[in-house]
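Residues per chain, in single letters:
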Amino acid sequence: MAEAIFDEMGKPGGEVRRAYRILQAWLDETPHDILTLRREEAETVFRRIGITFAVYGEGGDPERIIPFDIVPRILEAAEWRQISEGLVQRVKALNAFIADVYGQQEILRAGIVPRDQVILNDTYRYQMQGVAVPQNVYTHIAGIDMVRVGPEEFYVLEDNCRTPSGVSYMLENREITMRLFPDLFSRYNVAPVDHYCDELMRTLISVAPRNCIGEPTVVVLTPGIYNSAYYEHSFLADQMGAELVEGPDLYVMDDIVYMRTTRGPKRVDVIYRRVDDDFLDPLTFRADSALGVAGLMNAYRAGNVNLTNAVGAGIADDKAIYTYVPDMVKFYLGETPILKNVPTWRCADAEDAGYVLDRLPELVVKEVHGSGGYGMLVGPKATREEIALFRERLKIAPEKYIAQPTLALSTCPTFVDEGVAPRHVDLRPFILSGREIRVVPGGLTRVAMREGSLVVNSSQGGGTKDTWVLKD
Amino acid sequence: MLSRTADSLYWIARYIERAENLARTLRVTDRLSLMPSGADTDGNEWHSTVVVSGCEQAFYEKYDEATPENVISYLAFDPENPSSIRSCIETARRNARAVRTALTTEQWECLNAAWLALPGWNESRVRGSGLHRFLDWVKDCSLLFTGGTVATMLRRDSYYFTRLGTFIERNDNTARILDVKYHLLLPDHAEVGGGIDYYQWASILRAVSGHRSYNAIYREGLKPWLIAEFLIMREEMPRSLISCAAEIRNCLDRLGEEYGQRHECHRIAGQIHSRLRFGKVEDVFRQGLHEFLAEHIDLNDKLGLEISRSYLLG
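Visitor: Give a description of the overall build of chain B that names residues and reports values.
Guide: Helix and strand counts for chain B stand at 15 helices and zero strands. Taken over C-alpha atoms, the radius of gyration comes to 19 Å for chain B, in line with the 20 Å a tight globule of 314 residues would show. Overall, chain B is about 55 × 50 × 35 Å in size when its C-alpha atoms are taken along their principal axes. Out of the 314 residues in chain B, the part that is buried amounts to 58%. A fraction of 66% describes how many contacts in chain B between residues 6 or more apart in sequence connect residues 24 or more apart. Here chain B carries 38 positive and 43 negative side-chain charges, and the mean point of each set is 7 Å from the other.

Next comes the structure, spelled out in structure tokens:
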């Protein structure tokens, strides 16, 4: 498959794709030392503003910068239109699925998704069974990871329905690009993204709990400054004009959530929480959690507060459940899925497992509950020992794994030490669901900075790019 | 606003002010140690600096002697000393990161830049003339933060909590410098008004950035009782006790108006201000300068606790 890698700008020496022509000309006329200078400038700005992700306890710099690649990625209006329609459809189905799982469970009774895959899943929260949530929305902020393999071919790699992060990088990358390259930017007609936080606020307000009186008070709940995404939490709170609270800032009395303010207690209606389910309420979940609020779940169930994303939303982004999303689209919406899944073998199925064991060197094997690119085997890049090790693991607990073909991820021109060279990318658009569904054009492009690498995760040296969606 | 946010703003300002005061004190001490000692203070200035900074006990648990190296290391760089300059800047920046949405860009960037530059300063780099460059840098950071606060922050609760931190800390610092250094310099046998060492006395003023200001107000040279009056009761002097008390009272009044409620802290602030405003410096000396200052420091501590109770703990 390696020879079929699709480059979004066009093969070197070949024809440059339409959206990239101006960029190509600009790259040709701009000396590399200017690009280097701009890249350093970008890094200085990120440091000064404090746009970092925190990695404590690993030694080295505790607050790191995610490498920012100065060359933007460009999508045509028509390309984006199709993606965007597909995203709305997919998120509708995901929400319907979560609502169904915690409601009537029709999809389980219809035998489309196996009951055990849901009920025995670590991400299933029985505490949510029968709890009504405002507007029936569970994943208010979803991040759908997509990859591209050809001009028309996009695949969904995974759904993130819990607390997807990265949107602040999408916004800051745009800011910095406009600041560093106004000349290039103005030669294109790029759809803006800076209304994201307004849309987010509107979404959160639209899902105020039923017992909310008057204008809802919205807060962002963060685990605190040692969380890797802390910058994003503070950024979003700031942009929305909402308080950024930590667990100890909140308390529950008579099933109502209050925050401690200098004027005394203030009632809270909507909590955009960036704390995982397990840590939300020590009375319901992990008793040792110091990040949560005792009694929060009671207030939630009483309809006195809304949590976004909903507790238990993770059931829809489990890698085993992922394989059923196209079926969900058909089941709940009666539509044909616009976005394709990557063909996936579920090793829980004996026949699939046999197939996978025979073809380990060609496949990507992922742990069902893994994330961040950990616990993953990339067959074609793995050593014989690594493959042997995974074979043993697979035999012991096949239900913990899924496998996919190695995709020839598209590449985009990227400014690296050797100059401008193709590097593999993915895309994480963000979808907001409240009373309506909204998608801001583009998303976060992650790029594997090392040549040939397919791992784009920031925890493993991946970088980001500004993503431009062109207007017609 | 969140109580925790108010608390962080208050402590950011306190720690930055503390770092600046430490820098001034160290600077003066270092300068003093270069002078031929006239009064009977040989080596005592380093010890007294430890006393002023309020960490006498912890210091002598770690060191036997207050040598210049030990004191500079402990007060400027020691991560185990929560009030070392380095700890102050780190704590202020950590607090700032936790409440950065409540800070203006200028305030945040000033604190962040100070924190980013901090690793570049260490004991070996401040040997010799490096010390003064370091201390000047600390002072600059603080002035930039304080100036940035006044110039860019909206005049509402967040501003008044920040300013309260600055003045509560400054109030404490001026009182301590006066208390410790004054007694060190005033020899037991000398009458108030006896012969004094010009450099030594000037150092008290320099420590509160008041040397030239003093000369602008008093035309008769340095006199111990005038220095005391200057630092306690002169409203023109921005680091005097009365100036701090007036600012504190004003901040609390504004908060009281904004929230429509007054607390015990308002009463204590009024009490501290009034006894300076309507007191006489002769009475201070009659009571005993040390007793007066000890009482002042005590009241200031009590005020800090009451501010916490009313606003910062939630």
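Visitor: Which residues make up the pattern of salt bridges, and what values go with them?
Guide: Residues and elements named next belong to chain A. Counted according to the given criterion, the structure contains 49 salt bridges over all chains. Between aspartate 277 and arginine 273 there is a salt bridge, with its nearest N and O atoms 2.7 Å apart. This pair shows no difference in class: aspartate 277 is buried, exactly as arginine 273 is. Among the charged side chains, a network of salt bridges with common partners joins Glu8, Arg17, Arg73, Glu79 and Arg148.

Visitor: Let's hear about the nonpolar core: which residues, and what values?
Guide: Tyr196(A), Ile85(B), Phe134(B), Ile232(B), Leu252(B) and Leu303(B) are the most contacted members of the largest nonpolar core, which has 163 residues in total. For this core, the element with the most residues is helix 1 (residues 3–34) of chain B, which contributes 12 residues. Sequence-distant contacts of Tyr196(A), that is, excluding residues within four places in its chain, are made with Ile141(A), Val167(A), Met170(A), Leu171(A), Leu236(A), Phe430(A), Leu432(A) and Val440(A). If you look at the next biggest cluster of nonpolar residues, it comprises 67 residues, including Val91(A), Met259(A), Leu407(A) and Leu2(B).

Visitor: Tell me about helix 6 (residues 167–180) of chain A, residues and numbers included.
Guide: Residues and elements named next belong to chain A. Spanning 14 residues, helix 6 covers 20 Å between terminal C-alpha atoms, matching the ideal 20 Å at 1.5 Å per step. Among the 14 residues that make up helix 6, 11 are buried, leaving the element largely enclosed by the rest of the structure. Those residues of helix 6 that fall on the buried side of the exposure criterion are Val167, Ser168, Tyr169, Met170, Leu171, Glu172, Asn173, Arg174, Ile176, Thr177 and Leu180.

Visitor: I'd like a description of the pairing of strand 15 (residues 363–367) of chain A, backed by residues and values.
Guide: Residues and elements named next belong to chain A. Of all five residues that make up strand 15, four are buried, and the element is covered over most of its length. As defined by bridge partners, strand 15 adjoins strand 17 (residues 401–405) across five bridges and the pair is classed as antiparallel. Pairing of valine 364 across the sheet is with glutamine 404, part of strand 17. Pairing analysis gives three bridges linking strand 15 to strand 16 (residues 376–378), with the strands arranged antiparallel. Residue pairing across strands places lysine 366 opposite methionine 376, the latter belonging to strand 16.

Visitor: Report on the interface of chain A and chain B, specifying residues and quantitative values.
Guide: Chain A puts 24 residues into the contact, and the matching count from chain B is 26 residues. Counting every contact that joins chain A to chain B gives three salt bridges. In this structure, the salt-bridge partner of Glu246(A) is Arg4(B), at a minimum N-O distance of 3.3 Å. Run the count over chain A and chain B and you get 16 residue pairs in polar contact (both at pLDDT 80 or more). Every element with two or more residues in the side of chain A that touches chain B is listed here: helix 2 (32–49), helix 9 (230–240), strand 7 (243–245) and strand 9 (256–261) of chain A.

Visitor: Could you give me a rundown of unusual backbone geometry, with the residues and numbers involved?
Guide: Between Thr308(A) and Asn309(A) the backbone carries a cis peptide bond, its omega angle lying at -10°. Tracing the sequence through the fold places Asn309(A) in the loop between strand 12 (306–308) and helix 12 (319–322). Although it is not a glycine, Asp254(A) sits at a positive phi angle of roughly 50°. Within the secondary structure layout, Asp254(A) lies in the loop between strand 8 (250–253) and strand 9. The backbone of Ser209(B) sits at a positive phi, close to 55°, despite the residue not being glycine.

About the cut-offs
Residues numbered from 1 in each chain as written. Chains lettered and ligands numbered in written order. Predicted model: local features only at pLDDT ≥ 70, side-chain atom pairs only at ≥ 80, totals over all residues. Heavy atoms only, no water. Helix = DSSP H or I, 4+ residues; strand = E, 2+ residues; numbered from the N terminus. Rg over C-alpha atoms; globule rule 2.2 N^0.38 Å. Buried < 20%, exposed > 50% of the residue type's maximum accessible area, 1.4 Å probe, protein only. Contact = heavy atoms within 4.5 Å. Lys, Arg positive; Asp, Glu negative; His and termini not counted. Charge placed at Lys NZ, Arg CZ, Asp CG, Glu CD. Salt bridge = Lys/Arg side-chain N within 4 Å of Asp/Glu carboxyl O. Core = buried A, V, L, I, M, F, W, Y, C linked by side-chain atoms within 4.5 Å. Expected span 1.5 Å × (residues − 1). Pairing = 2+ DSSP bridges. Polar contact = N/O pair within 3.5 Å; in protein donor to acceptor, adjacent residues only side chain to side chain.

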